[in-house]
Amino acid sequence: MKYQTQRIAYAYFLVAMALFAVQVTLGLVLGWIYVSPNFLSELLPFNIARMLHTNSLVVWLLLGFFGATYYILPEESEREIHSPLLAYIQLGILVIGTAGVVVTYLFDLFHGNWLLGKEGREFLEQPKWVKIGIAVAAVIFMYNVSMTVLKGRKTAVTNVLLMGLWGLVLLWLFAFYNPANLVLDKQYWWWVIHLWVEGVWELIMASILAFLMLKLTGVDREVVEKWLYVIVATALFSGILGTGHHYYWIGLPGYWQWIGSIFSSFEIVPFFAMMSFAFVMVWKGRRDHPNKAALVWSLGCTVLAFFGAGVWGFLHTLHGVNYYTHGTQITAAHGHLSFYGAYVCLVLAMVTFVMPIMKNRDPYNQVLNMAAFWLMSSGMVFMTVTLTFAGAIQTQMQRVVGDYFMDVQDGLALFFWMRFGSGVFVVVGALLFIYSVLFPRREVVDAGPVQSHRDGHLEAAE
Ligand code: HEM
Ligand code: HEM
Ligand SMILES: [Fe+2]
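Calculation notes
- Residues numbered from 1 in each chain as written.
- Chains lettered and ligands numbered in written order.
- Predicted model: local features only at pLDDT ≥ 70, side-chain atom pairs only at ≥ 80, totals over all residues.
- Heavy atoms only, no water.
- Helix = DSSP H or I, 4+ residues; strand = E, 2+ residues; numbered from the N terminus.
- Rg over C-alpha atoms; globule rule 2.2 N^0.38 Å.
- Buried < 20%, exposed > 50% of the residue type's maximum accessible area, 1.4 Å probe, protein only.
- Contact = heavy atoms within 4.5 Å.
- Donors = N, O, S within 2.8 Å, 3.2 Å for Na, K, Ca; no water.
- Near = heavy atom within 4 Å.
- Polar contact = N/O pair within 3.5 Å; in protein donor to acceptor, adjacent residues only side chain to side chain.
- Nonpolar A, V, L, I, M, F, W, Y, C, P; charged D, E, K, R; others polar.
- Core = buried A, V, L, I, M, F, W, Y, C linked by side-chain atoms within 4.5 Å.
- 1 Å grid on protein atoms, 1.4 Å probe; cavity = no way out; pocket = protein on both sides within 12 Å on 5 of 7 lines; lining within 4 Å.
- Points joined across faces, edges and corners; volume = space filled by probe spheres on them.
- Phe/Tyr/Trp six-rings, centres within 6.5 Å; stacked < 30°, edge-to-face > 60°.
- UniProt positions renumbered as here; feature names shortened; annotations may be inferred.
- Patch = residues over 30% accessible without salt bridge, like charges linked within 9 Å, V, L, I, M, F, W, Y side chains within 5 Å.
- Areas by Shrake-Rupley, 256 points an atom, 1.4 Å probe, with all protein chains shown as cover.
- Salt bridge = Lys/Arg side-chain N within 4 Å of Asp/Glu carboxyl O.

A. Representation of the overall build of the chain. Helix and strand counts for the chain stand at 17 helices and zero strands. A globule of 462 residues ought to have a C-alpha radius of gyration of about 23 Å, and the chain, at 22 Å, matches this closely. Oriented by its inertia axes, the alpha-carbon framework of the chain measures out at about 70 × 45 × 45 Å. In the chain, buried positions account for 57% of the 462 residues. Within the chain, contacts between residues separated by at least 24 positions form 82% of all contacts whose residues are at least 6 apart in sequence.

Put into structure tokens, the structure is as follows:
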């Protein structure tokens, strides 16, 4: 570690990993409710568990992005983080907010209260006071990182990262805008949901990947920067008007069917570019970095994002197709592989890269970490394929033949069992991953003196 304040990332990653474990375990609970519908129906109803599953996902990914930023900025801008204290206050606010959401939802506290009670828009269910807390934390964060970058060296990585983070924070403000008109409500809801994952988060993804590629492959900065700008340009060109693929059936003008179809089809381009970028960098790179697991996660990230977001997104993005598939298990298939490939793998790549440096050890438990990659990723791919089959049958029976929703669901039971099975693999993989990054490998502990030699090796390669 070259800068002391990079250690802030450690605290963020610890909280993120704890929430990651909670998130995937709740996924398993949901998967079980699908095959055994009365499970926990009094204590933890499906809708509450679902909200905790999706919201904890988003929160730990955000903590991952923030932690990554605190690690990357000092090295890129060649100075310490402006205020470590503010960084920890920001983390404290986010932790309190998260605990507030859990307690409010589990016990349905302050029911109907404007400020304190729960809110019902998918992904934006946090009580208003938590939303305000997130906004305050975001302002603190942007002040802190912008001050760091302004006073330091400016690189393409810091520029793109900051652009993505500013976009993330500004778009969050639309979470506060909830018009009574249901059409407008949905329109602006997507400005947070879609413009995050298919807009500004892609910039964050590209810049974190660029940083990892610089470190892991040792390619020249100029090469990385050219790719970065192409990715940013194609992501924004396609993603902004691509929002139209959510405007087909919510009451907005019909021209969105064409704008949405055409522009969102181009959204595959930045994901293809990120995949090509990562592989070309590895192929061109001269450096043999000891942290192979971080490389596996980085490459896996770009491939699975290409398939989950790019291919599975394109699958149902043309309005003629979406007319039939809208809101079926096809959507859930895509939602899982896209979030997993693009953002889960991205954060786990960064955690894998950073943790050994924080612990000042050789990238230990690499083999276990890579085993976790294959377990989790094959579980996720299997889940996606399962849900895609379920979704195809559902589309045919429900939307074409016209059978009743619940009858069709009953007919899909076999797929839901398989989804639960693949979920078990994902959860076991996730726990293995967390173990592999937090605990030392046996030999390293025993090796004693060898360790300093290994540190040297790692420092040199950093
Ligand atoms: C890191 C891994 C995971 C990610 C990124 C993830 C992501 C998501 C997302 C984005 C949704 C909302 C989907 C939508 O609106 O279409 C969701 C819902 C759900 N997830 Fe996961 N999930 C993960 C792990 C799991 C696991 C291990 C299971 C276990 C079987 C699971 C089961 C479910 C279920 C049953 C739903 C509700 C679907 C519905 O409402 O029909 N998830 N998850
Ligand atoms: C990493 C990037 C992406 C993530 C994390 C993501 C995630 C999601 C999620 C969670 C949903 C369900 C939202 C809901 O209704 O609750 C969704 C819907 C959708 N996504 Fe994506 N997505 C990504 C990229 C893409 C791309 C590139 C395309 C098109 C090429 C696409 C096309 C769609 C479409 C058409 C829907 C609406 C499905 C429906 O009508 O039910 N997505 N996405
Ligand atoms: Fe979208």
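B. Looking closely at the coordination of the iron atom of ligand 2. With respect to protein ligation, the iron atom of ligand 2 binds only His334 (NE2), at 2.0 Å. Separation of the iron atom of ligand 2 from the iron ion (ligand 3) amounts to 4.3 Å. Examined against the element boundaries, His334 turns out to sit in helix 12 (residues 329-358).

C. View of the coordination of the iron atom of ligand 1. The protein atoms that coordinate the iron atom of ligand 1 are His53 (NE2) and His336 (NE2), at distances spanning 2.0 to 2.1 Å. The class for His336 is partly exposed, based on a relative accessible area of 24%.

D. Geometry of the site of ligand 1. As a matter of local geometry, ligand 1 sits amid 23 residues, with Gly27, Tyr34, Arg50, His53 and His336 nearest to it. In this structure, a nitrogen atom belonging to ligand 1 sits 2.8 Å away from a side-chain N or O atom of His53. One nitrogen or oxygen atom from the side chain of His336 is found 2.8 Å from a nitrogen atom belonging to ligand 1. When residues of the shell around ligand 1 are traced back to their parent elements, those giving at least two are helix 1 (8-35), helix 2 (46-77), helix 12, helix 13 (366-401) and helix 15 (413-438). With seven residues, helix 1 is the single largest residue contributor to the shell around ligand 1. Classifying every residue of the shell around ligand 1 by side-chain character gives 12 nonpolar, eight polar and three charged.

E. A look at the nonpolar core. Counting 128 residues, the largest nonpolar core has Trp60 and Trp201 as the members making the most contacts within it. It is helix 6 (residues 182-217) that contributes the most residues to this core, 21 residues altogether. Other than its neighbours up to four places away in sequence, Trp60 contacts Ala16, Met17, Leu19, Phe20, Gln23, Val344, Val347 and Leu348.

F. The layout of surface pockets, seen in detail. Approximately 480 Å³ is the volume found for the second largest pocket. In terms of lining, the second largest pocket is formed by 32 residues, of which the most central are Asn55, Ser56, Val58, Val59 and Gln126. Listed by contribution, the elements that provide at least two residues to the lining of the second largest pocket are helix 1, helix 2, helix 3 (84-107), helix 4 (128-151) and helix 6. In terms of residues, the lining of the second largest pocket owes the most to one element, helix 2, which gives 10 residues.

G. Geometry of the packing of aromatic side chains. Tallied over the entire structure, the rule returns 40 aromatic pairs. Ring plane angle 50° and centroid distance 5.4 Å describe the contact between Tyr12 and Tyr70, whose orientation is recorded as tilted. Taken together, the residues span a long stretch of sequence, with Tyr12 in helix 1 and Tyr70 in helix 2 at a distance of 58 residues. Both residues of the pair, Tyr12 and Tyr70, belong to the buried class. Arranged with centres 5.8 Å apart and planes meeting at 75°, the rings of Tyr34 and Phe46 form a pair that is edge-to-face.

H. Just the side chain of His53, in detail. Residue position: His53 is located in helix 2. A residue is classified by how much of its surface remains accessible, and His53, at 11% relative accessible area, is buried. Within the structure, the side chain of His53 is placed 3.4 Å from the backbone nitrogen of Gly27, a separation counted as a polar contact. Beyond its immediate chain neighbours, meaning those up to four positions away, His53 contacts Gln23, Leu26, Gly27, Leu30 and His336.

I. Region of the structure containing the UniProt feature "domain: Cytochrome oxidase subunit I profile" (unreviewed entry) in the chain. Summarizing the sequence annotation, UniProt attributes the feature "domain: Cytochrome oxidase subunit I profile" (unreviewed entry) to residues 176-439 in the numbering used throughout. Across residues 176-439 one finds 82% helix and 0% strand; the C-alpha atoms that close the span lie 41 Å apart.

J. Quick peek at a nonpolar patch on the surface. Together, Phe237, Trp258, Ile262, Phe266 and Val269 give the surface a local cluster of nonpolar side chains, amounting to about 530 Å² of exposed area. By secondary structure assignment, the location of Val269 is in helix 9 (residues 268-284).

K. Examining the pattern of salt bridges more closely. Taken as a whole, this structure holds 10 salt bridges when the rule is applied. Residues Arg50 and Glu122 are paired through a salt bridge, measuring 3.1 Å at the closest nitrogen-oxygen approach. Of the two residues, Arg50 sits in helix 2 while Glu122 sits in the loop between helix 3 and helix 4, which places them 72 residues apart along the sequence. Under the relative-accessibility criterion, Arg50 is labelled partly exposed at 35%. Judged by relative accessible area, Glu122 falls into the partly exposed class, the value being 30%. Across the pair Glu119 and Lys131 runs a salt bridge, and its minimum N-O distance is 2.5 Å. Note that Glu119 is positioned in the loop between helix 3 and helix 4 and Lys131 in helix 4, a separation of 12 residues in sequence. In this structure Lys131 comes out as buried when scored by relative accessible area, which is 0%. Taken together, the shared-partner salt bridges connect Glu119, Lys128 and Lys131 into one network.

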